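# Coordinate analysis (summary)
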Amino acid sequence: MKVIVVPNKDKMGAIGARIIAEDMKGRLFYKLGLATGSTPIPVYQELIRLNKEKKVDFSRVITFNLDEYVGIPGTHDQSYRYFMNKQLFDHVNIPKQNTNVPDGMAKNIPAHCADYESWMESVGGIDLQVLGIGGNGHIGFNEPGSSIASRTRQVKLTPETIRDNARFFAKAADVPKTAISMGIGTVLDAAKIVLFANGANKAAAIAAAIEGPVSVKCPASALQLHPDVTFVITKDAAANLTLKF
Ligand code: PGA
């Protein structure tokens with residue numbers, strides 16, 4: 001595992017975008033796994049800037065997002081489809097049909113999850129997966145206790161995650177109770193993984209992910225099993241590591 005500690009989220013964004021831009025070079029098609037949440041926003045802002053300067057081209061990029069709420073449409077301002085359009089897709093030259101986010105309104109969710117896996121496989125798998133991390137160590141909506149072999153599926157949100165997300169909805173009862181999420185096994189299939197973390201509230205999860213045992217208690221610890229993972233984290237998120245970077 002490679003760990004890059006940066007002073008602030010702007011630097012995190014700049015380094016993250018550079019890693020992605022470098023990895024994109026010389027490929028006919030680039031398959032990029034994406035994440036929502038506040039953490040990757042500086043990365044997306046930097047990618048938008050590089051795209052405007054014609055240093056990064058999205059015309060042959062195919063994206064797959066990690067997760068989506070079940071029961072709200074992509075037009076809902078709290079859906080992850082909406083978030084991705086606003087934070088990245090609307091501002092770069094990516095063909096919208098190349099952007100994939102699980103469909104939280106799918107009639108047959110298990111079939112949609114299986115299709116989502118097949119689409120990723122049919123394009124040859126993800127070249128680089130962007131990840132955030134929850135304060136409890138979750139990646140995507142793979143909460144503690146998720147199997148390391150899990151694939152894209154419908155998952156229940158924990159009371160903690162529902163509570164964390166309630167601030168974004170008019171009332172707590174409006175927060176979806178389930179989501180579609182790539183599994184940990186799905187994430188581990190990506191050729192390269194870059195996890196971003198910003199803030200002291202992530203310090204315990206980061207230490208558990210990097211220095212703790214591989215355990216379902218911290219889903220991100222499964223990344224220790226992957227041969228090409230980079231953590232780009234701010235100083236405060238790195239504070240609980242015993243190794244100093
Ligand atoms: P955040 O969420 O980036 O908004 O902190 C990350 C996550 O829960 O995966």
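A brief look at the structure comes next. Treat the numbers as computed from the prediction; the structure is a model and nothing was measured.

As a further point, take unusual backbone geometry. With a phi close to 60°, Lys-54 is a non-glycine residue in the positive phi region. You can see Lys-54 is positioned in the loop between α2 (41–52) and β3 (61–65). A residue is classified by how much of its surface remains accessible, and Lys-54, at 76% relative accessible area, is exposed.

Once that is clear, we can look at the site of the ligand. Every residue close to the ligand is listed here: Gly-37, Ser-38, Thr-39, Gly-132, Ile-133, Gly-134, His-138 and Lys-202. At 2.9 Å from an oxygen atom of the ligand is found a main-chain nitrogen or oxygen belonging to Ser-38. Measuring from an oxygen atom of the ligand, one finds a side-chain N or O atom of His-138 at 2.7 Å. The protein chains hide 73% of the 280 Å² of surface that the ligand would expose on its own. When atom positions are compared with the pocket grids, the ligand is found to occupy the largest pocket. Along the lines of polarity and charge, the residues of the shell around the ligand split into 1 nonpolar, 6 polar and 1 charged.

In this section: α2. Taking 1.5 Å per residue, 12 residues should reach 16 Å; α2 reaches 16 Å between its end C-alpha atoms and fits that length. Of all 12 residues in α2, 9 are buried; the element is thus mostly enclosed. Ile-41, Pro-42, Val-43, Tyr-44, Glu-46, Leu-47, Ile-48, Leu-50 and Asn-51 are the residues of α2 that are buried. Residues of α2 that are buried make contact with α1 (9–24), β2 (30–34), α3 (80–87), β6 (128–131) and β9 (192–197).

On to the layout of surface pockets, then. Quantified by volume, the largest pocket comes out at close to 900 Å³. Contributing to the lining of the largest pocket are 37 residues, with Thr-36, Gly-37, Ser-38, Tyr-80 and Asn-165 lying nearest its centre. Among the elements of the structure, α2, β4 (67–69), α3 and α5 (159–166) are those that each provide at least two residues to the lining of the largest pocket. With 4 residues, α5 is the single largest residue contributor to the lining of the largest pocket. Considered class by class, the residues forming the lining of the largest pocket number 14 nonpolar, 16 polar and 7 charged. Within this model, the second largest pocket holds a volume of roughly 210 Å³. Lining of the second largest pocket is provided by 13 residues; of these, Met-24, Lys-25, Gly-26, Arg-27 and Asp-57 occupy positions nearest its centre. The class makeup of the residues in the lining of the second largest pocket is 6 nonpolar, 2 polar and 5 charged.

Our next topic: the packing of aromatic side chains. All chains considered together, the criterion is met by 6 aromatic pairs. Measuring from ring centre to ring centre gives 4.9 Å for Tyr-69 and Tyr-80, while their planes differ by 45°; the resulting arrangement is tilted. Taken as a pair, Tyr-69 in strand β4 and Tyr-80 in helix α3 lie far apart in primary sequence, 11 residues in all. Taken as a pair, Tyr-69 and Tyr-80 share a single burial class, namely buried. Aromatic rings pair up to connect Tyr-69, Tyr-80, Phe-141 and Phe-169 into one cluster. The cationic tip of Arg-60 hangs over the ring face of Phe-29; the distance from NZ or CZ to the ring centre is 5.4 Å.

Now for the packing of α1 against α2. Where α1 contacts α2, the axes come no closer than 7 Å and their chain directions differ by 55°. Comparing their axes, α2 and α1 come out oblique. In the crossing of α1 with α2, the sense of the turn from one axis to the other is right-handed. Across the interface between the two elements, Lys-9, Met-12, Gly-13, Ala-14, Gly-16, Ala-17 and Ile-20 from α1 touch Pro-42, Val-43, Glu-46, Leu-47 and Leu-50 from α2. Taken together, the residues of the contact of α1 with α2 break down into 8 nonpolar, 2 polar and 2 charged.

Once that is clear, we can look at the environment of Asp-10. By the secondary structure assignment, Asp-10 is in helix α1. Considered as a pair, Asp-10 and Val-43 are 33 residues apart in the sequence and their alpha carbons are 8.1 Å apart.

Analysis parameters
- Residues numbered from 1 in each chain as written.
- Predicted model: local features only at pLDDT ≥ 70, side-chain atom pairs only at ≥ 80, totals over all residues.
- Heavy atoms only, no water.
- Helix = DSSP H or I, 4+ residues; strand = E, 2+ residues; numbered from the N terminus.
- Buried < 20%, exposed > 50% of the residue type's maximum accessible area, 1.4 Å probe, protein only.
- Near = heavy atom within 4 Å.
- Polar contact = N/O pair within 3.5 Å; in protein donor to acceptor, adjacent residues only side chain to side chain.
- Areas by Shrake-Rupley, 256 points an atom, 1.4 Å probe, with all protein chains shown as cover.
- 1 Å grid on protein atoms, 1.4 Å probe; cavity = no way out; pocket = protein on both sides within 12 Å on 5 of 7 lines; lining within 4 Å.
- Sits in = over half its atoms within 2 Å of the grid points.
- Nonpolar A, V, L, I, M, F, W, Y, C, P; charged D, E, K, R; others polar.
- Expected span 1.5 Å × (residues − 1).
- Contact = heavy atoms within 4.5 Å.
- Points joined across faces, edges and corners; volume = space filled by probe spheres on them.
- Phe/Tyr/Trp six-rings, centres within 6.5 Å; stacked < 30°, edge-to-face > 60°.
- Lys NZ or Arg CZ within 6 Å of the ring centre and 35° of its normal.
- Axes fitted to C-alpha atoms, helices over the stretch in contact; angles between N-to-C directions.
- Parallel < 35°, antiparallel > 145°, perpendicular 65-115°, else oblique.
- Left-handed = near helix turned anticlockwise from the far one by under 90°.

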